[in-house]
Amino acid sequence: MVSVFLRTASLGMVLCLSGSVAAMSVLPGCAAKRAQEPVQAPAQKPLVADKILVKKSQRRLYLLRDGEPFRTYRISLGLEPQGHKQRQGDNRTPEGRYTISGRNARSNFYKALHISYPSLDDRLRAARYGWDPGGAIMIHGEPRGARFAELRDVVRDEDWTQGCIAVSNLAVDEIWRYVGDGTPIEIEP
């Protein structure tokens, strides 16, 4: 008889408790509130660079969005980093305004984004002296393959390219993702 009483009392307490929880969910200011409508986060623009800025003297490449840098990378330059590229083989990195004009996922230097050097002005200047202005200037990653094994020891701390802008493989992966073809690039002394 006691067990029947305890079961009935327990059932009654559960029903009372259930009723009071249900009552709390409709009373204002109660601990148990009704579910609210989900709040949608404002839509965010995808992170895409609208300009690349290279400061040769700082050995830095900046990805810019609306004039503000959102990524910064350490770079290596040509073996002769001072001054603007004049001709093929001078080992200088160009200075001026160009665009990203293509990409190569199978480059000898991991991935590479092509810079539109030489411009018309670069070609005219070189022609005046009878020089070949050169070309194939890229933002690229580290060397790959046994042919470039000796470069792997210097790629992060020294200027070593023939005029390109070199970054780590991790950095070129990010740049590849954030930069579209046609993006302007300004290379300052």
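See the structure above.
Below is a short write-up of the structure.

1. Some points on the pairing of strand β8 (residues 184-188)
Argument step 1. As judged from the four bridges shared by strand β1 (residues 51-55) and β8, these two strands associate in the parallel manner. Its bridge partner lying in β8, Ile52 is registered against Ile185.
Argument step 2. Alignment of strand β4 (residues 96-107) against β8, held across four bridges, turns out to be antiparallel. For Thr99, the partnering residue across the bridge sits in β8 and is Pro184.

2. A short note on the packing of aromatic side chains
Argument step 1. Within the structure shown, the criterion is met by four aromatic pairs.
Argument step 2. Here Tyr98 and Tyr117 contribute two aromatic rings whose centre-to-centre distance is 6.0 Å and whose plane-to-plane angle is 70°, an arrangement assigned as edge-to-face. Taken together, the residues span a long stretch of sequence, with Tyr98 in strand β4 and Tyr117 in the loop between β5 (110-115) and α2 (120-129) at a distance of 19 residues.
Argument step 3. For Tyr117, a relative accessible area of 2% translates into the label buried.
Argument step 4. Between Phe109 and Trp160, the ring centres sit 5.8 Å apart and the planes meet at 40°, which makes this aromatic pair tilted. Of this pair, Phe109 sits in the loop between β4 and β5 while Trp160 sits in the loop between β6 (138-140) and β7 (165-166); the two residues are 51 residues apart in sequence, bridging distant segments of the chain. For the pair Phe109 and Trp160, a shared accessibility class is recorded, and that class is buried.
Argument step 5. In this structure, Arg87 is placed above the aromatic ring of Trp131, and the distance from its NZ or CZ to the ring centre is 4.5 Å.
Argument step 6. Across the ring face of Trp176, the terminal group of Lys111 is positioned such that the distance to the ring centre comes to 5.3 Å.

3. Looking at the pairing of strand β3 (residues 68-74)
Argument step 1. Here six bridges tie strand β2 (residues 60-65) to β3, and the two strands are oriented antiparallel to one another. Bridge pairing in β3 links Arg60 to Arg74.
Argument step 2. Between β2 and β3, which pair antiparallel and follow one another directly, the connecting turn spans two residues, one of which, Asp66, has a positive phi of 55°.

4. As for the sheet that holds β1
Argument step 1. Taken together, eight strands build an open sheet; the order of strands is β3-β2-β1-β8-β4-β5-β6-β7 and the sheet is mixed. Of all the strands in the sheet, the pair left with one neighbour each is β3 and β7.
Argument step 2. Here β1 runs beside β2; their pairing, made up of five bridges, is antiparallel. By the bridge assignment for β2, Val54 is matched with Leu61.
Argument step 3. Packing against the sheet, helix α3 (residues 169-178) makes contact with β2, β3, β4, β5 and β6, and its axis sits at approximately 50° to β5.

5. Focus: the pattern of salt bridges
Argument step 1. Inspection of every chain in the model, using the stated rule, returns nine salt bridges.
Argument step 2. In this structure, the salt-bridge partner of Asp90 is Lys85, at a minimum N-O distance of 2.9 Å.
Argument step 3. On the basis of relative accessible area, Asp90 is assigned to the buried category, the value being 13%.
Argument step 4. By relative accessible area, which is 3% here, Lys85 ends up buried.
Argument step 5. With a shortest N-O distance of 2.9 Å, Asp173 and Lys111 are connected by a salt bridge. Taken as a pair, Asp173 in helix α3 and Lys111 in strand β5 lie far apart in primary sequence, 62 residues in all.
Argument step 6. Overall, Asp173 belongs to the partly exposed group, its relative accessible area being 22%.
Argument step 7. The network of salt bridges with shared partners includes Lys51, Arg97 and Glu186.

About the cut-offs
Residues numbered from 1 in each chain as written. Predicted model: local features only at pLDDT ≥ 70, side-chain atom pairs only at ≥ 80, totals over all residues. Heavy atoms only, no water. Pairing = 2+ DSSP bridges. Helix = DSSP H or I, 4+ residues; strand = E, 2+ residues; numbered from the N terminus. Phe/Tyr/Trp six-rings, centres within 6.5 Å; stacked < 30°, edge-to-face > 60°. Buried < 20%, exposed > 50% of the residue type's maximum accessible area, 1.4 Å probe, protein only. Lys NZ or Arg CZ within 6 Å of the ring centre and 35° of its normal. Contact = heavy atoms within 4.5 Å. Axes fitted to C-alpha atoms, helices over the stretch in contact; angles between N-to-C directions. Salt bridge = Lys/Arg side-chain N within 4 Å of Asp/Glu carboxyl O.

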